[in-house]
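# Working through the structure, step by step
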Amino acid sequence: MTTEKRRPLLVLGPLIIALASIFFAFQDSAKINSTLDLYRAKFFQNSVPDKYLFGAQSGICEQVPNLSPRNTHVEQFIRDKVEDPKYQVEIIEKLSGLIQIPSESYDDLGPIGQDDRWNIFYDVEKYIKAKYPTVLKHAKLDHANTHGLIFTWEGSVPTSEAKPILMLAHQDVVPVLEQNVPDWTHPPYEGHFDGKIIWGRGATDDKGYLISIIESMDLLMKSGFKPKRTIILAFGCDEEISGRKCARPISDLLFERYGENGIFMMMDEGSVGVQTQFDQSFAMVSVAEKGYLDVGINVTSTGGHASNPPDHNVIGILSEIIMNIENHPFPGKVTTKNPIFNFLQCAAVHAPVQSFPMKIRNKLDKVEQGDSNAQIQLARTMDDMRYYFKTSQSVGKINGGVKINAIPESASTMINLRLAVESSVADVEEHYESLIRPIALKHGMSFQGFHSEAMNDQRKISLFGVDALEPAPVSPVDAESFQILSGTIQNTLNPIIKNQSLIVTPYLMPANTDTKFFWKLTKNIYRFTPVNLVHNLNRAHTTDEFIVAEEFVREPLFFATLILNADDAVHE
């Protein structure tokens, strides 16, 4: 009975509030906005820090406005080109043709000049020269270790006064296994275009990027543009297998030429590009990369006849080691050192309030203050993104035994790790030694750690590291180069997000790129692909890799505009 009498008041209450809100809106819009902000804070039980409630006014993740080149004639020339259907057909055909060259790189490739499988990269170079004669006419081509290609378009201002802009791409692709070819909708090296999508190995990773940046240079040359700042394009040949044969020699050549911090900014492929999260479109610029380490574990012992086995042979002991490693994963935590924290701040400010989870929002302030419990809790809350916050470990290879009736004398495994930005190679080594040393002691075996002297003991467990790489330095987001990049993104990429606002945010690259060899050349390293990257990076590294043609044909506009805007920053 009591409930029935109160029901009219429950209905009238919100109605009265709404009418009052409308009245005050006409009287003083600023006052009602303030009232709504306070109401919003009360609605969220005062658990949200004020700085995340006031959007752009908070000063967090401030956005750079559209940045248009001063050379409007050249900019318009580029825009007219990328909108021209005839041009679009031409650039799609160029990418399709490049995809048709199966420039696969393999883990077991021998030295360049000795292993004939490298010869496919002569075809790539020949193709680029045939399609871009204007670039060859105005830019100098250098070779690093035969197949590393460097195109340098000299600016009018000395590089000592205006540091060059450097754009990277790689010519190689991951192999397609013959048994998987029938699974492809279109053959992986056909470069099929169905009117909307360009299909094939390398469409996204990384031949679309390569064509786009050399196309931007080609268009700028054809427009009559004369750069003040030197422009460098560098194309590696072995990014998919660590980059030592091409990327490192390219870096060495450029370092010798321009010196430490001699590059204004560097662009390379990104792993996320433009994506929608929390009902908001973000241009995710990776400003750092996780570290890398392959750990090898060898277990050796005496062999013998299988009819008289020990309680635990080397395969069993190795299995025990692997289980112990998998049962003790690296802990995850979100800290301010991780660019993903900056992304979460951007989302807290710019995403719709109702779309950004409170369980994330209400931990950001504590994380920023260094609260270790909040850092761990936030990582657990975002478990679907856990490998952005923690070191991953994956057992990739295992080997042991040669005959069923013989006790094996050795067994080994290789484990691939991607190191969290807060971690280090030394942290991983210490963790693994602490897990494996007790197992060696348990079985009465010698233990050889990562940096121990070699042992001749017949029964031992030994560890070694391969391809050790510390997490990349975090590139600054307050640098002039990042501001230019942000303004260029706002200027050129809004059409691909279909009339929604686009927020530029720092992000983390969980994989590694050729940029790992270029840290000395510049602090301003940014990894970003100016397209929507969906379906596992447009299925890069797997069946049915693709790129959307409508977005791909606009990429040269982005890169050309970036070059123009960077050129405008040169003071003669």
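These numbers come from a predicted model, not from an experiment.

Calculation criteria
- Residues numbered from 1 in each chain as written.
- Predicted model: local features only at pLDDT ≥ 70, side-chain atom pairs only at ≥ 80, totals over all residues.
- Heavy atoms only, no water.
- UniProt positions renumbered as here; feature names shortened; annotations may be inferred.
- Polar contact = N/O pair within 3.5 Å; in protein donor to acceptor, adjacent residues only side chain to side chain.
- Buried < 20%, exposed > 50% of the residue type's maximum accessible area, 1.4 Å probe, protein only.
- Contact = heavy atoms within 4.5 Å.
- Helix = DSSP H or I, 4+ residues; strand = E, 2+ residues; numbered from the N terminus.
- Expected span 1.5 Å × (residues − 1).
- Pairing = 2+ DSSP bridges.
- Axes fitted to C-alpha atoms, helices over the stretch in contact; angles between N-to-C directions.

### Comments concerning the UniProt feature "binding site: Zn(2+) 2" (unreviewed entry) in the chain
The positions that UniProt labels "binding site: Zn(2+) 2" (unreviewed entry) are, in the present scheme, H170, D205 and D268. The named residues occupy 99 residues along the chain; their greatest pairwise C-alpha distance, 11.2 Å, places them in one compact cluster. A distance of 3.0 Å separates polar atoms of two side chains, one belonging to H170 and the other to D205. Assessed through its relative accessible area of 11%, D205 is described here as buried. Beyond its immediate sequence surroundings of up to four residues, D205 is in contact with H170, D172, V173, E240, E269, A540, H541 and E545.

### Details of unusual backbone geometry
A cis amide bond links D205 with the next residue in sequence, D206, at an omega value of 10°. Tracing the sequence through the fold places D206 in the loop between strand 4 (197–199) and helix 7 (207–223). Unlike most non-glycine residues, N538 shows phi in positive territory, near 55°. Looking at where N538 falls in the secondary structure, it is placed in helix 15 (residues 535–539). With relative accessibility at 1%, the residue N538 sits in the buried group. Its identity is not glycine, yet H541 carries a phi of approximately 70°, on the positive side. Counting through the fold element by element, H541 comes out in the loop between helix 15 and strand 18 (546–548).

### A short note on helix 9 (residues 314–326)
Taking 1.5 Å per residue as the helical rise, helix 9 with its 13 residues ought to reach 18 Å, and the 18 Å between its terminal C-alpha atoms agrees with that figure. Packed against the buried residues of helix 9 are strand 9 (291–300), strand 11 (392–400), strand 13 (410–419), helix 13 (425–442) and strand 15 (460–469). The N-capping residue of helix 9, defined by a side-chain oxygen 3.0 Å from the backbone nitrogen of I315, is N313.

### As for the sheet that holds strand 14 (residues 446–448)
Ordered in space as 11-13-9-15-14, the 5 strands form an open sheet in which the pairing is mixed. Looking at strand neighbours, the two that pair on one side only are strand 11 and strand 14, the edges of this open sheet. On average, each strand axis in the sheet is inclined to that of its neighbour by 15°, with strand direction left out of account.

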